[in-house]
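# Observations on the three-dimensional arrangement
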Amino acid sequence: MTSVLYDAPGPRAKRRNVLISVVFFTLLALLVWFVWKTMDDEGQLEWALWKPFTESNAWTAYLLPGLANTLKAAALAMVIALPLGAFFGIARLSDHRWVRIPSAWVVEFFRAIPVLLLMLFANEFYDRWTNVSSEQRPLYAVVTGLVLYNASVLAEVVKAGILSLPKGQSEAAMAIGLRKSQTMRSILLPQAVTAMLPAIVSQLVVIVKDTALGGVMIGFTELLNSRGTMSAYYANVIPSFIVVAIIYIILNFILTSFASWLEKRLRRSKKSTGAVLSAEDMEELNPAATGGTYGTGAGGGTYGAGGSI
């Protein structure tokens, strides 16, 4: 099938595609076989190393508590970073320099610092200048670092999503007398959410994975840190890494699948129904548009039944 953007492959291109596919899957099979054989030679496939994952103690004592801390830190970071990123993203588009410039400084500053450094700084801050207990301090530090970094990244996502909309959207809002705040809240943001959703979800996946940095550097007992304790007890380092990697894959797959479903639902719900706005709807959007008059030009015409423009 040929279209403007796609040319159907001819016989030679089809043969080349089949050859490339065969070579790729052959190399992939060889890689899988090599990994399997290496692990078998090193004794990493012995049942004694994998048996702990079939018992409840390995899950209830190590993996599930670590997974719960990972989800807790990621959820707190998401809940705080999303509105904070939206605030700074919108502030960067402000017409007022005293709002736009400081917001840009904040975003660029925290976006330029590695999230691990932010966690370390936050941990030292809570240790020296707050009364946060040593048990809660790693969680506070991880969430603070994730929020500061990811909110600045999400601010850029929000800004880019709003700027990607056609200028006609804002111009149409101005034509019916909406203020900029009303335009942003009622017209631009609802449309930009759908365009921003894939990038937002990608950043949320990063948040989930970056919780592991807190376990490595500041002793936060998340999933990867709990894996280290478990592997030291059962002496199954490689199998524990594999199981934890699978857990991360499943977790992030669920998150991206939910986001894909939500994006499709938002796109369907935003399809126009062809409904006509009533006078009450117009009054709610623009209180100034009351009394049935349309403009103050010569003629003073009315915009309603039996009237003229």
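Just above sits the structure.
This section reports on the structure supplied with the text. Everything numeric here is computed off the predicted structure, so don't read it as measured data.

### Focus: the overall build of the protein chain
Within the protein chain, the regular secondary structure consists of 11 helices and zero strands. Reading the helices (α) and strands (β) of the protein chain from amino to carboxyl end gives α-α-α-α-α-α-α-α-α-α-α. Taken across its 309 residues, the protein chain has 32% of its residues classed as buried. By element, 66% of the accessible surface of the protein chain is carried by carbon and sulfur atoms, the whole surface being about 19,700 Å².

### Details of the pattern of salt bridges
Counted according to the given criterion, the structure contains six salt bridges. Note that K37 and D41 form a salt bridge whose closest N and O atoms lie 3.1 Å from each other. One end of the pair, K37, and the other, D41, are both in helix α1 (residues 11–41), four residues apart, so they sit about a helical turn from each other. On the basis of relative accessibility, which here comes to 38%, the residue K37 falls in the partly exposed class. Ionic contacts of the salt-bridge type, sharing partners, join the residues R92, E108, R111 and E156 into one network.

### Examining the nonpolar core
Judged by nonpolar contacts, the single largest core of 49 residues is most densely connected at L63, V142, L146, I162, I207, L223 and M230. Counting residues per element, this core draws most heavily on helix α6 (residues 137–163), at 11 residues. Aside from chain neighbours lying at most four places away, what touches I207 is A74, A77, M78, L146 and N150.

### Observations concerning helix α8 (residues 180–217)
At 3.6 residues per turn, the α-helix brings residues three or four places apart onto the same side. Between the first and last C-alpha of α8 there are merely 45 Å, a value that for 38 residues lags more than 12% behind the 56 Å anticipated at 1.5 Å per step. Maximum bend of α8: about 55°, positioned at M196, with proline P198 one to four residues after it.

### Things to note about unusual backbone geometry
The residue A235 is not glycine, and still its phi comes out positive at about 55°. On the basis of relative accessible area, A235 is assigned to the exposed category, the value being 55%.

### Details of the packing of aromatic side chains
One pass over the full model with this rule turns up 11 aromatic pairs. For the pair F87 and F88, a centre-to-centre distance of 5.3 Å together with 80° between the ring planes defines the contact as edge-to-face. Arranged with centres 5.7 Å apart and planes meeting at 85°, the rings of Y126 and Y140 form a pair that is edge-to-face. In this pair, Y126 is assigned in helix α5 (residues 115–129) and Y140 in helix α6, connecting sequence segments 14 residues apart. Assessed through its relative accessible area of 16%, Y126 is described here as buried. Looking at Y140, the relative accessible area reads 39%, which means it is partly exposed. Directly above the ring of F241 sits R227, whose terminal nitrogen or CZ lies 3.8 Å from the centroid.

### Some details on the packing of helix α3 (residues 56–91) against helix α9 (residues 223–234)
Each pair of packed helices can be described by the angle between their axes along with the distance between the axes. Relative orientation of the contacting elements α3 and α9 amounts to 160°, with a least axis distance of 7 Å. Accordingly, the angle class assigned to the pair α3 and α9 is roughly antiparallel. Here α3 and α9 pass one another in a crossing that is right-handed. Of the residues in α9, those in contact with N57, A58, Y62, L63, G66, L67 and T70 of α3 are L223, S226, T229, M230, Y233 and Y234. Of the residues belonging to the contact of α3 with α9, the class tally is eight nonpolar, five polar and no charged.

### Section: a nonpolar patch on the surface
A grouping of F24, F25, L28, L31, V32, W33, F34 and V35 is seen on the molecular surface, where their side chains present a nonpolar patch of about 850 Å² in accessible area. Along the polypeptide, F34 turns up in helix α1.

Quick notes on the rules
- Residues numbered from 1 in each chain as written.
- Predicted model: local features only at pLDDT ≥ 70, side-chain atom pairs only at ≥ 80, totals over all residues.
- Heavy atoms only, no water.
- Helix = DSSP H or I, 4+ residues; strand = E, 2+ residues; numbered from the N terminus.
- Buried < 20%, exposed > 50% of the residue type's maximum accessible area, 1.4 Å probe, protein only.
- Areas by Shrake-Rupley, 256 points an atom, 1.4 Å probe, with all protein chains shown as cover.
- Salt bridge = Lys/Arg side-chain N within 4 Å of Asp/Glu carboxyl O.
- Core = buried A, V, L, I, M, F, W, Y, C linked by side-chain atoms within 4.5 Å.
- Contact = heavy atoms within 4.5 Å.
- Expected span 1.5 Å × (residues − 1).
- Bend = angle between axes of the 7 residues up to and from the residue.
- Phe/Tyr/Trp six-rings, centres within 6.5 Å; stacked < 30°, edge-to-face > 60°.
- Lys NZ or Arg CZ within 6 Å of the ring centre and 35° of its normal.
- Axes fitted to C-alpha atoms, helices over the stretch in contact; angles between N-to-C directions.
- Parallel < 35°, antiparallel > 145°, perpendicular 65-115°, else oblique.
- Left-handed = near helix turned anticlockwise from the far one by under 90°.
- Nonpolar A, V, L, I, M, F, W, Y, C, P; charged D, E, K, R; others polar.
- Patch = residues over 30% accessible without salt bridge, like charges linked within 9 Å, V, L, I, M, F, W, Y side chains within 5 Å.

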